[in-house]
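Here is how the chains run, residue by residue.
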Amino acid sequence: MKLFKRSNFFPIKKKYKISYINSLLKDRIIYQNIENNFDLTDISSLKLLRDNSILFLGDELNDKNIKKNNIHVVTTNTNNKKYYKSITIVDNLSDTYNKILNEMYFHDDQLGFKDEFNLINGSYVSIYSKISGSSEIGKNCFIARGVEIGNNSIIKNNVVIKNSIIGDNVVVSDNSSIGTTGFGFDFKIRGSQYINPQIGIVFIDDNVHLGACCTIDRGKIDYTYIGKNSMIDNMVHIGHNTTIGNNACIAAQTGISGSVTIGNNVTIGGKVGFAGHIKIGDNVVIAARSGVTKDIKENSTVAGFPAIDIKEWKKNLIRQKRYGY
Amino acid sequence: MKLFKRSNFFPIKKKYKISYINSLLKDRIIYQNIENNFDLTDISSLKLLRDNSILFLGDELNDKNIKKNNIHVVTTNTNNKKYYKSITIVDNLSDTYNKILNEMYFHDDQLGFKDEFNLINGSYVSIYSKISGSSEIGKNCFIARGVEIGNNSIIKNNVVIKNSIIGDNVVVSDNSSIGTTGFGFDFKIRGSQYINPQIGIVFIDDNVHLGACCTIDRGKIDYTYIGKNSMIDNMVHIGHNTTIGNNACIAAQTGISGSVTIGNNVTIGGKVGFAGHIKIGDNVVIAARSGVTKDIKENSTVAGFPAIDIKEWKKNLIRQKRYGY
Amino acid sequence: MKLFKRSNFFPIKKKYKISYINSLLKDRIIYQNIENNFDLTDISSLKLLRDNSILFLGDELNDKNIKKNNIHVVTTNTNNKKYYKSITIVDNLSDTYNKILNEMYFHDDQLGFKDEFNLINGSYVSIYSKISGSSEIGKNCFIARGVEIGNNSIIKNNVVIKNSIIGDNVVVSDNSSIGTTGFGFDFKIRGSQYINPQIGIVFIDDNVHLGACCTIDRGKIDYTYIGKNSMIDNMVHIGHNTTIGNNACIAAQTGISGSVTIGNNVTIGGKVGFAGHIKIGDNVVIAARSGVTKDIKENSTVAGFPAIDIKEWKKNLIRQKRYGY
């Protein structure tokens, strides 16, 4: 995954010293050590490290040798002290994340509407978007700040695109919404204001066909990614941080939860559901109406709920017929 | 549930004497007694009784001591004679309801389009709506007559809101439709003109987060209600007359039928389906892909289709593995 | 099914001699015989034959006695030689179809946006559409070239209608998309540019009620058809070439694949899925959440996945309860 310029989509309000940010957290802080009180200008993830940023680590330990300048770690795991000299340990990561992100960033719910737009051919296009002249946009669309659309792409009608980079020869069909807010929050603390700010984007690679009435939530910090040549039918939902490889085929009304990793050349039937945070290998085939609850290794064909090898699943059906169970 | 002013959303065409209304029903009428031929100005339900109104009762008996002035009961159950002096007994309630409601009311399909709208910041906003200045509305939205939106709420882009009251700090994401027509009609008589007029509203309480591409049908006579702090993901459908308590969490692509009553602090996974007219208790957890066919008592955790206690469901899966059924 | 004027929706670029079309196919051609090098002006299917057209036959043999003038058959089955004097035999039909159709036609992805539209009452209406004065259209809609809408129909808000003929007294609810591109392509060759051009339409017959957030894909060459008096709930997807009889009732979140044939008076619960290319007889009832994998004969009631007779399905549930599964 390559870096993208976050400020194109989510302008940072101003520069913040670590000490100032920590002053917002008050008694959430269990321990802090600020080796060098630098100006924070971004947020990192372990996948995409950025200079002068905060890295949120949660409970996972990380001894990864970090090549970037000025990373300040905010974590709930005191053992991360071993690895980081610039560190704040807190008692609740979700709330800490919300406090910091809401202070630092305008995210779409706060900013988009105040942007300047041109009404071009019946659609509202942010003056801060970059759309190739060879691409076409239908009517009643909304294209937000930072959005980039490559060559020969077609955005049909009543489409909403925000916080997204769209490649070449991509088709987005009518009434789809791309770059929407991921469904991320601490399940124990509910209410609209507790949604974790989602400051990542959607990256749709070249030659993807996306159907009508689909929703693709943007990444929380990094990407939601759709690989080259992938074919996606109508009413498909793709959750935040999910990455789908090249040449995927996904039939209608399938829903993919957040943080799912899908390999290349995967074929998924209609109405399939996925648990979050699972891995699907290359060349996997998933029968319609399956419920995929755990990792699926490459080259398998699965069916049912929970999804199992399709031969097993068919045997079970035959047994049911024969013995009425 | 508090009363709402129906005429804000559905203007009554004129005042009607009971005798005039009954003259429309002709040979649908089995028996009638008009004690006092008052002017009808509204429709009641047993939950929300209104002065000078018709109460449709169907087959249920009702001996409820009615505190309102001037209630005329229209029912198919002759035994309701015992309880009401102002009563019309008919042989088909759905058709009678349609005849009376279509005569008395403009409902959205007949009026909305003739309304006056302002084009504000790229969205069509009825001059008969009330939107707090602290709330924001994106582009290409449609906000119909009577709609009220409280403080600090965010309506994203390409959203349709009609026949709805929205509280404070509510977020409605892109391409969602709120206050749409419920799927109510006599199954034996099909065709667009036989849909039962839906003259209720949607009430979304404070701090609710609603995802993208959702649909919430308005109540038939009263409310479809979403409780405070509820978090709803993308592509969720909520049927007419359904009420959802506070602090609900509902994952993507779940569908809730009409007249379902859901308690507080309920958590519902993705792709869950509900039969109509069932009750889900407080603190219930429903696993993804469940099909809920009957009432679920408070504090249970269920899974499967038909949904059963999740421990039972898991045992069944283990048995299936062991014995291949 | 009656003929429709394809050029109302998909203008043909110019007249093409068969010999010119074949020159595009190069080494895809295994054999060709051009008895009379006529001008091609349309595309036929076996259901709807048209004069001066190409008929794509694939592997099926066809000895049907063709009444039309000038049919040139393009097929992969060499045995069709027996039946046609004007024939081209190719080694890959999907790719051949794409090459020919992309050469001959503007299909919506290429043309729609260049059309002229009037902004009428907040919606973009093609100057090449025909809408009865007695029908109403809400805000933020897109009505494309060729679309016909009959009398007393209601198109609500943020609706996209293209490549469609809509009858009388039809209701199309908010945020629905009609006439969208079918999910048709050679599964072995993926990428947006390989979608098979879809040059058919959607025909919605009189008195149909269509809910919110639905998608109906147009036919590939002929129709996707919804019969008279059919009632369709929210978030229903209907695939290309599917035909639904009169008086259907389809509950929310059901998905019907491509080329399904559904009879009259069929009732389908919520969240039902259908395999493609199957036949459902008249008066069939399909329980909610069923997965229909094969033909269902008339007057049956089915449930489960794969869908079986509902009595069998219920017996299985009882056995499960009794024996622990």
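Predicted, not measured: the structure shown is a model, and the values here were computed from it. (Residues numbered from 1 in each chain as written. Chains lettered and ligands numbered in written order. Predicted model: local features only at pLDDT ≥ 70, side-chain atom pairs only at ≥ 80, totals over all residues. Heavy atoms only, no water.)

## Digging into the pattern of salt bridges
It is possible for side chains of opposite charge to pair when their charged atoms get near one another.
Moving on, step 1. Inspection of the entire model under this criterion finds 42 salt bridges over all chains.
Moving on, step 2. Note that Asp42(A) is salt-bridged to Arg50(A), the shortest N-O span being 3.2 Å.
Moving on, step 3. In this structure Asp42(A) comes out as buried when scored by relative accessible area, which is 11%.
Moving on, step 4. Notably, a salt bridge pairs Asp39(B) with Lys17(B), separated by 3.2 Å at the nearest N-O pair. Of this pair, Asp39(B) sits in strand E3 (residues 39-40) while Lys17(B) sits in strand E1 (residues 16-17), and the two are 22 residues apart along the sequence.
Moving on, step 5. Accessibility expressed as a relative area gives 27% for Asp39(B), which makes it partly exposed.
Moving on, step 6. When its relative accessible area of 37% is taken as the criterion, Lys17(B) is described as partly exposed. (Salt bridge = Lys/Arg side-chain N within 4 Å of Asp/Glu carboxyl O. Buried < 20%, exposed > 50% of the residue type's maximum accessible area, 1.4 Å probe, protein only. Helix = DSSP H or I, 4+ residues; strand = E, 2+ residues; numbered from the N terminus.)

## Let's talk about the packing of aromatic side chains
Moving on, step 1. Scanning all chains against the criterion turns up 33 aromatic pairs over all chains.
Moving on, step 2. Between Phe203(C) and Tyr223(C), the aromatic rings sit 5.9 Å apart at their centres with planes inclined by 40°, giving tilted as the arrangement. With Phe203(C) in strand E19 (residues 201-204) and Tyr223(C) in strand E22 (residues 223-226), this pair connects stretches of sequence that are 20 residues apart.
Moving on, step 3. The exposure class assigned to Phe203(C) is buried, which follows from its relative accessible area of 14%.
Moving on, step 4. A network of ring pairs unites the aromatic residues Phe4(A), Phe9(A), Phe10(A), Phe203(A), Tyr223(A) and Tyr225(A) as a single cluster.
Moving on, step 5. Taking NZ or CZ as reference, Arg289(C) lies 5.2 Å from the ring centre of Phe305(B), over its face. (Phe/Tyr/Trp six-rings, centres within 6.5 Å; stacked < 30°, edge-to-face > 60°. Lys NZ or Arg CZ within 6 Å of the ring centre and 35° of its normal.)

## Quick look at the sheet that holds strand E32 (residues 285-286) of chain B
Residue and element names in this part refer to chain B.
Moving on, step 1. If you trace the ten strands from one edge of the open sheet to the other, you get E11-E14-E17-E20-E23-E26-E29-E32-E34-E35, paired in mixed fashion. Two strands in the sheet have a free side with no partner beyond their single neighbour: strand E11 (136-137) and strand E35 (308-309).
Moving on, step 2. Pairing of strand E23 (residues 231-232) with strand E26 (residues 249-250) involves two bridges; the strand directions are parallel. Residue Met231 lies in a different strand from E26, and its bridge partner there is Cys249. (Pairing = 2+ DSSP bridges.)

## Focus: the relation of the copies chain C and chain A
Moving on, step 1. With an RMSD of 0.0 Å, the fit of chain C onto chain A corresponds to turning through 120° and sliding 0.0 Å along the axis. Here the copies are linked by what is in effect a three-fold axis. No C-alpha of chain C approaches the rotation axis more nearly than that of Asn140(C), which lies at 3.6 Å.
Moving on, step 2. Mapped onto chain A, only 18% of the interface residues of chain C again fall at the interface, so the copies present different surfaces. (Least-squares fit on C-alpha atoms with pLDDT ≥ 70 in both. Contact = heavy atoms within 4.5 Å.)

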